[in-house]
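# Remarks on the overall topology
What follows is the residue order along each chain.
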Amino acid sequence: MLVAAGYSEDLAAALVVKTLAESAPEKPAQKPPAPEPSASEIVCNGDWKPFKDKILPILQNMTRRELLFLLEGEPRPVQLSQEGTIHRFKADELVYRVGRLPLDCGNQYVRLTAKSVESAPIPERLVKTLLARPEEIFAPVQHIVRSAAALQPGLYLPAPGLHEDTRTFGAFEPREVPPMKLTEALAFIRELVSEFEFRTPADFADWLAEPLSLLLKDALPGVRFPAFRHRAPQAESGKTLLALVGLAAREPADALTVFPAAGSEGVPEVEKRLIAALRERPAAVLLDNFDGFTTSDLYEALLTAGSATIRPLGTSETVHIAEVPVFVLTQNPPPSGFKASTLRREIWVTLEPRSPLASKAFRRPNLEADIRENRDGLRWRFQDALVALTDNWEEWGSPPFSGPPLNGFCEWSATIGGIIETAGVPGFLSNRAFMFSHLDGEFESRAALLETLLELFEGQEFRSYDCAVKTTAFEAAFRLRGLELSDAVPENTARAWGRVLSKLVGATGFRAVLRSRQNRDKVNVYEVSHAQ
């Protein structure tokens, strides 16, 4: 048509193309590609699964680096220090702490829009969702070990840091534990406590079980440990100092939690402080000079069950203590309010010094500080000596204790008793009859009588009349022990003394033994000597 109208063919073709182009519908504008987040950007407004897949490896790595763990029994994760102290978070504080971890390692939260990638705050709602399953983020920890010599299962020495296979966190500076011969180790231990006057050799054996229990506490998972009670008939006898020597089997941060409790302080108040101490997961708790605490239901439950679920003061949350520490107590007689169920779960270590501690000249006058500060490596040498005793036991094939076990603590008796017996230390657990007889209200009086007789008449014969003459000396000795002579001898007559002495003849379980015979006039004469 255009050609017929006089247009050239080329011009007509061009006009046709132009007309068709102008009449064709316009094509929509092509959208720019969606923005892509970088490797360090965490998208928090998209699907849940990509967000979780991106952030979970970051949190798993960072929680371990920042020592954030799921400590057994705690209601929420905690942070441990290199020294083993525990920091607990409030719920909102934990959300913020965990939410910051990706930012601390160079990542950032972003939101995607149609045109850009925008910076975003910590996604608290998403972090809370993640924390609903903390086991996916945090490494579990069951034990905090603060001592380089605290033996582990298989009697291996621990290593610092996290060990996920054993769920153990070692919070200590590593050190080499040098080998020591059995004779050298035993001689060192005996020399260290040589100035403490044990009532019998069996008391030394039972005391030795205390540091060995602390050394092996982590090596015997699930094994229940008895409590150790240090006793003496008078103050200033060295009970607390001996207890501190035993606690040196662990480092101070791992073993020494002291309660200098006053006698006027009630059991509920001590229980509050005990609960606070248990939350720090110590290996041992020392209750100093508080014999009334044996009436505590909490103390009885801890010894009986070997674990506890407690509610810390001022909170509505409960904390489960899976492993109870080794309890060490000190006490001056007379005892008060003993529970039989508590008593049979204790080991008694009795000191009977001839003079108060303050009047003695110790070869190590600063023994407590020497151990605490590890002067001359004293604490570490003590730990090395204990390790040597366990090594000797292993070399002999780990034989169990051959004597009768402590009821309820059979596995503990077999292991600790086996180590002590193999080392050649006699008398382990042989003081149980003495301990139970001590519940007799007359026991303290009989012990005081025999010891005073030993002081006054050792090496000579005497009669009941001689005792009546020396009443003043007996009264002074009884007052020193917090007792009254009239409770033991109702009347100060020769006849009354004769009745009392006749009951003491041949009595065992005491530091002194009394014997009698009749002289030519058929009058009873007595001799007193040290018990063998």
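Note: the structure precedes this text.
Below is a short write-up of the structure. Every value quoted in this text rests on a predicted model; they were computed, and no experiment measured them.

## Digging into the overall build of the protein
Along the backbone of the protein there are 20 helices and 19 strands. Long-range pairs, those at least 24 residues apart, make up 71% of the contacts in the protein between residues at least 6 apart in sequence. Of the roughly 26200 Å² that the protein leaves accessible, carbon and sulfur atoms contribute 52%.

## Here we look at the environment of Pro400
If you trace the backbone, Pro400 turns up in the loop between α13 (378-395) and α14 (410-422). Separated by 16 residues in sequence, Pro400 and Ile416 place their C-alpha atoms 8.3 Å apart. Setting aside chain neighbours within four positions, we find Pro400 in contact with Ala414, Gly418 and Glu421.

## Side note on the packing of aromatic side chains
Considering all chains together, one arrives at 13 aromatic pairs under this definition. Aromatic ring contacts, followed pair by pair, group Phe198, Phe204, Trp207 and Phe382 into a single cluster. Taking the ring centre of Phe409 as reference, the NZ or CZ of Arg224 above it sits at 4.8 Å.

## Some remarks on the pattern of salt bridges
Applying the stated rule across the entire model yields 25 salt bridges. Across the salt bridge formed by Glu346 and Arg229, the nearest N and O atoms sit 2.8 Å from each other. Placement of the pair is Glu346 in strand β17 (residues 346-350) and Arg229 in strand β11 (residues 227-231), with a sequence separation of 117 residues. The same class applies to Glu346 as to Arg229, namely buried. Here the residues in one salt-bridge network are Arg65, Glu66, Arg97, Arg100 and Asp104, joined through shared partners.

## A closer look at helix α18 (residues 471-480)
Within the span of α18, buried status applies to Thr471, Phe474, Ala477 and Phe478. Each buried residue of α18 sits inside an arc of 125 degrees when the element is viewed along its axis, so together they form one side. Opposite the buried face of α18, by more than 90 degrees, sit the exposed residues Thr472, Arg479 and Leu480. Following α18 by one or two positions, Gly482 adopts a phi angle in the positive range, close to 75 degrees.

## Quick word on the sheet that holds strand β8 (residues 143-145)
Paired through backbone hydrogen bonds, the strands of a sheet run either parallel or antiparallel to each other. Strands sit in the order β8-β10-β9 across an open sheet of 3 strands; the sheet is mixed. Each edge of the sheet is formed by a strand with only one pairing partner; in this case those strands are β8 and β9 (161-163). Going across the sheet, the axis of each strand differs from the next one's by a mean of 20 degrees, ignoring polarity. Relative to strand β10 (residues 168-170), β9 runs antiparallel, the two sharing 3 bridges. Bridged to Leu162 within β10 is Phe169.

## Concerning the nonpolar core
In globular proteins that are soluble, nonpolar side chains generally tend to be buried together. Membership of the largest hydrophobic core comes to 64 residues, with the highest contact counts inside it found for Ile189, Trp207 and Trp412. It is helix α6 (residues 201-216) that contributes the most residues to this core, 9 residues altogether. Once residues lying within four places of it in the same chain are set aside, the contact partners of Ile189 are Phe204, Trp207, Leu208, Phe382, Ala385, Leu386 and Leu389.

## Topic: unusual backbone geometry
Of note, Leu155 is a non-glycine position whose phi angle comes to about 60 degrees, a positive value. Following the sequence through the fold, Leu155 ends up in the loop between β8 and β9.

## Concerning the sheet that holds strand β1 (residues 41-43)
One open sheet holds the 3 strands; their spatial order is β1-β5-β6, and the pairing between them is mixed. Both outer strands of the open sheet, β1 and β6 (117-119), are each paired with one neighbouring strand and no more. With strand direction ignored, the average angle separating the axes of adjacent strands in the sheet is 45 degrees. The pairing of strand β5 (residues 108-112) with β6 spans 3 bridges and is antiparallel. Within β6, the position partnered with Leu112 by the bridge is Val117.

## So, the packing of helix α9 (residues 267-278) against helix α10 (residues 297-305)
Relative to each other, α9 and α10 sit at 35 degrees, their axes nearing to 10 Å. For the pair α9 and α10, the contacting residues are Glu271, Leu274, Ile275 and Leu278 in the first and Asp297, Leu298 and Leu302 in the second. Across the contact of α9 with α10, the residue classes tally to 5 nonpolar, no polar and 2 charged.

## Re the pairing of β17
β17 sits mainly inside the fold: 5 of its 5 residues count as buried. The alternating pattern of β17 places Glu346, Trp348 and Thr350 on one face and Ile347 and Val349 on the opposite face, and all of these are buried.

## Here's the deal with the side chain of Arg281
In this fold, Arg281 is placed in the loop between α9 and β13 (284-288). The exposure class assigned to Arg281 is buried, which follows from its relative accessible area of 13%. Within the local environment of Arg281, its side chain forms a polar contact with the backbone oxygen of Glu72, the two atoms lying 2.8 Å apart. For Arg281, the residues in contact, after removing those within four places along its chain, are Leu71, Glu72, Gly73, Glu74, Ile86, Arg146, Val319, His320 and Ile321.

## Quick word on the pairing of strand β16 (residues 326-331)
Of all 6 residues that make up β16, 6 are buried, and the element is covered over most of its length. Taking every second residue as pointing to the same face, both faces of β16 are buried, with Val326, Val328 and Thr330 on one and Phe327, Leu329 and Gln331 on the other. Here 4 bridges tie β11 to β16, and the two strands are oriented parallel to one another. Across the sheet, residue Phe228 finds its bridge partner in β16, namely Val328. With 4 bridges joining them, β13 and β16 adopt parallel strand pairing. Opposite Val285, over in β16, you have Phe327 as the bridge partner.

## Notes on the packing of helix α3 (residues 91-104) against helix α4 (residues 124-131)
It is the contact of α3 with α4, at a shortest axis distance of 9 Å, that shows an interaxial angle of 100 degrees. One element, α3, and the other, α4, form an angle in the roughly perpendicular class. Counted together, Leu94, Val95, Val98 and Gly99 of α3 and Glu124, Val127, Lys128 and Leu131 of α4 form the full contact between these two elements. Class assignment of the residues belonging to the contact of α3 with α4 gives a composition of 5 nonpolar, 1 polar and 2 charged.

## Some thoughts on the side chain of Ser213
Note on placement: Ser213 falls in helix α6. Residue Ser213 is classed as buried on the basis of its relative accessible area, which comes to 0%. Among the polar contacts listed, one links the side chain of Ser213 to the side chain of Trp412, at a separation of 2.9 Å. The residues contacting Ser213, other than those within four sequence positions of it, are Phe225, Phe228, Trp412 and Ile416.

Thresholds, definitions, all that
- Residues numbered from 1 in each chain as written.
- Predicted model: local features only at pLDDT ≥ 70, side-chain atom pairs only at ≥ 80, totals over all residues.
- Heavy atoms only, no water.
- Helix = DSSP H or I, 4+ residues; strand = E, 2+ residues; numbered from the N terminus.
- Contact = heavy atoms within 4.5 Å.
- Areas by Shrake-Rupley, 256 points an atom, 1.4 Å probe, with all protein chains shown as cover.
- Phe/Tyr/Trp six-rings, centres within 6.5 Å; stacked < 30°, edge-to-face > 60°.
- Lys NZ or Arg CZ within 6 Å of the ring centre and 35° of its normal.
- Salt bridge = Lys/Arg side-chain N within 4 Å of Asp/Glu carboxyl O.
- Buried < 20%, exposed > 50% of the residue type's maximum accessible area, 1.4 Å probe, protein only.
- Arc of directions from axis to C-beta.
- Pairing = 2+ DSSP bridges.
- Axes fitted to C-alpha atoms, helices over the stretch in contact; angles between N-to-C directions.
- Core = buried A, V, L, I, M, F, W, Y, C linked by side-chain atoms within 4.5 Å.
- Nonpolar A, V, L, I, M, F, W, Y, C, P; charged D, E, K, R; others polar.
- Polar contact = N/O pair within 3.5 Å; in protein donor to acceptor, adjacent residues only side chain to side chain.
- Parallel < 35°, antiparallel > 145°, perpendicular 65-115°, else oblique.

Just distances and angles here, no functional claims.
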